Amino acid sequence: MTMTLQERLSTLHQLAAHLTGPEDEFLTALQKRTLFNNAWFTLENQQASVKAIAEEFLSEEKLNNWLNGYKIIPIAGEGFVPQPGPNGEGSKTVGLVLAGNIPLVGFHDILCVYVAGHKAQIKLSSKDEYVLPYLIKLLAQSDERATGYFDIVDNLGGYDAVIATGSNNSARYFETYFAKVPHIIRKNRNAVAVLSGEETEEQMRALGNDVFQYFGLGCRNVSKLYVPEGYDFDPLLHVFHEWKNLQNHTKWKNNFDYNYALTTLNKESFHLTGPLMVLEAEAIPSRIGTLHFEYYPDVAALVTKLEEQRDEIQLVVTFPDFLNVDLPVFSYGQAQQPALADYADGVDTLAFLLGLLA
């Protein structure tokens, strides 16, 4: 049984209402089970992910504005005949290999496949295998036909296209394994921040959220700072000390202690604040409990460097209009608040999926 696009959107709106309504005790129980299985996924972080999905991805207004750009729903006079449904005429089966670095990180891919009218064949991450299936069941409670649009599997098979997210090593394997079908393969990326030295305390605190939220494990977390020559780190370190409670988290502390010992033995210099070492380094990715930085001589030279490293950078956090750079730019504190059109690695997932219908 198939659903029109408007019917599928209706189930998404009802899911948003459920997630923003009274507490769902079963959802909370699943989040506690997830925490037991994966200590990085605290209840606070899982709840933040659910809240972001409900407010940014499932809002009726935001969904309509997003889809208007593709002219696939009958808004503003743009007519569209919805696809017949999963595996009907033009419909495909799309394999999804989901990451497990932060809670519910694969939801956007699932949403895109559902909106496009394809069937999602989902391989969950073992780090986050309880909540996503429940969200899919909630969609089916609104309309039982939604069940046919999702299939959770241990191994992909019989797919027409694939979207896979993993490390740089796994990406090489994915590129070979999925070479014969249309695919999107995502590798490691990180966010960087460009500071001017004129940041207010409030902006530095917002930057702290970009660094520390989800323990810095997301591809949108800031892992490196670019600072002007002669930059005074003391005010920033003072603000970052507010996250000292991270040292009470066993996994964070174990990583911090290991990296502190390693850095000390290597006689590397670093700035230290409560939960974090700030080290000068060329690399963009940084280990847990560390944050890299690099001095820049002038903005023009930095823009050139950032654009040369675009394949490693998910986004740039800085003052609005401070940089004229051909990369996604977000204000301080906004890195972990992507909108529907803020696609991972800059690849338009929905356009890719709609192209399968051609």
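Our subject is the structure listed above.
What counts as what
- Residues numbered from 1 in each chain as written.
- Predicted model: local features only at pLDDT ≥ 70, side-chain atom pairs only at ≥ 80, totals over all residues.
- Heavy atoms only, no water.
- Axes fitted to C-alpha atoms, helices over the stretch in contact; angles between N-to-C directions.
- Helix = DSSP H or I, 4+ residues; strand = E, 2+ residues; numbered from the N terminus.
- Contact = heavy atoms within 4.5 Å.
- Nonpolar A, V, L, I, M, F, W, Y, C, P; charged D, E, K, R; others polar.
- Salt bridge = Lys/Arg side-chain N within 4 Å of Asp/Glu carboxyl O.
- Buried < 20%, exposed > 50% of the residue type's maximum accessible area, 1.4 Å probe, protein only.
- Pairing = 2+ DSSP bridges.
- Right-handed = clockwise from strand over helix to strand, strands pointing away.

Draft legend 1. Representation of the packing of helix H1 (residues 5-19) against helix H4 (residues 60-68). Closest axis-to-axis distance for the H1/H4 pair is 10 Å, and the angle between their directions is 145°. Contacts from Leu-9, Leu-12 and His-13 in H1 reach Glu-60, Leu-63, Asn-64 and Leu-67 in H4. Here the residues of the contact of H1 with H4 sort into four nonpolar, two polar and one charged.

Draft legend 2. Focus on the pattern of salt bridges. All told, the structure shown has 13 salt bridges when counted by the stated rule. For the salt bridge of Arg-145 with Asp-143, the shortest nitrogen-to-oxygen distance reads 2.8 Å. On the basis of relative accessible area, Asp-143 is assigned to the buried category, the value being 17%. Close ionic contact of Lys-305 with Glu-282 constitutes a salt bridge, the shortest N to O distance being 3.3 Å. Taken together, the positions of Lys-305 in helix H11 (residues 299-308) and Glu-282 in the loop between strand E9 (276-280) and strand E10 (290-296) put the pair 23 residues apart, joining distant regions of the chain. Of the residues examined, Lys-305 reaches a relative accessible area of 21% and is grouped as partly exposed. Relative accessible area serves as the criterion here: at 54%, Glu-282 is assigned to the exposed category.

Draft legend 3. Structural view of the side chain of Gln-46. Relative to the helices and strands, Gln-46 resides in helix H3 (residues 43-57). With residues up to four places along the chain from it excluded, the contact list for Gln-46 reads Gln-31, Thr-34, Leu-35, Phe-41, Pro-103 and Val-131.

Draft legend 4. Local environment of the pairing of strand E6 (residues 190-194). Most of E6 is tucked away: five of the five residues are buried. Residues Asn-190, Val-192 and Val-194 line one face of E6 and the alternating positions Ala-191 and Ala-193 line the opposite face, and both faces are buried. Where E6 meets strand E7 (residues 222-228), four bridges bridge the pair, whose relative direction is parallel. Each residue of the ladder has a partner; that of Ala-191, found in E7, is Val-222. Note that the unit made of E6, helix H8 (residues 201-212) and E7 has a crossover that is right-handed.

Draft legend 5. Structural detail: the side chain of Asn-259. With respect to the helices, strands and loops of the structure, Asn-259 is situated in helix H10 (residues 250-265). What makes Asn-259 buried here is its relative accessible area of 2%.

Draft legend 6. Region of the structure containing unusual backbone geometry. Here Tyr-214, not a glycine, exhibits a phi torsion of approximately 55°, which is positive. When you line up the elements, Tyr-214 lands in the loop between H8 and E7. Backbone geometry places Phe-215, a non-glycine residue, at a positive phi of 60°. Looking at the secondary structure, you find Phe-215 in the loop between H8 and E7.

Draft legend 7. Representation of the environment of Pro-320. For Pro-320, the position within the fold is in the loop between strand E11 (313-317) and strand E12 (329-330). For Pro-320, a relative accessible area of 54% translates into the label exposed. Between the alpha carbons of Pro-320 and Phe-107 there is a distance of 28 Å; along the sequence they are 213 residues apart.

Draft legend 8. Local environment of the sheet that holds strand E3 (residues 150-152). Taking strand neighbours across the sheet as the criterion, the five strands line up as E3-E2-E1-E4-E5 in an open arrangement whose pairing is parallel. The open sheet has two edge strands, E3 and strand E5 (183-186), and neither has a second partner. Taken over all neighbouring pairs, the strand axes of this sheet differ in orientation by 15° on average, direction set aside. Where strand E2 (residues 119-123) lies against E3, three bridges are found, and the strand directions are parallel. The residue bridging Ile-122 from the neighbouring strand is Ile-152, located in E3. Along the sheet face, helix H7 (residues 168-177) touches strand E1 (93-97), strand E4 (161-165) and E5 and points at about 165° away from the line of E5.

Draft legend 9. The arrangement of the pairing of E9 in detail. Most of E9 is tucked away, with four of its five residues classed as buried. Taken together, the three bridges between strand E8 (residues 271-273) and E9 define a ladder with antiparallel strand orientation. Across the sheet, Leu-272 pairs through a bridge with Met-277, a residue of E9. Where E8 hands over to E9, the hairpin turn is made up of two residues, counted between the paired strands. Two strands pair when backbone bridges link them, and E9 and E10 are joined in this way by four bridges, in the parallel orientation. Within E10, the residue paired with Leu-279 across the bridge is His-292.

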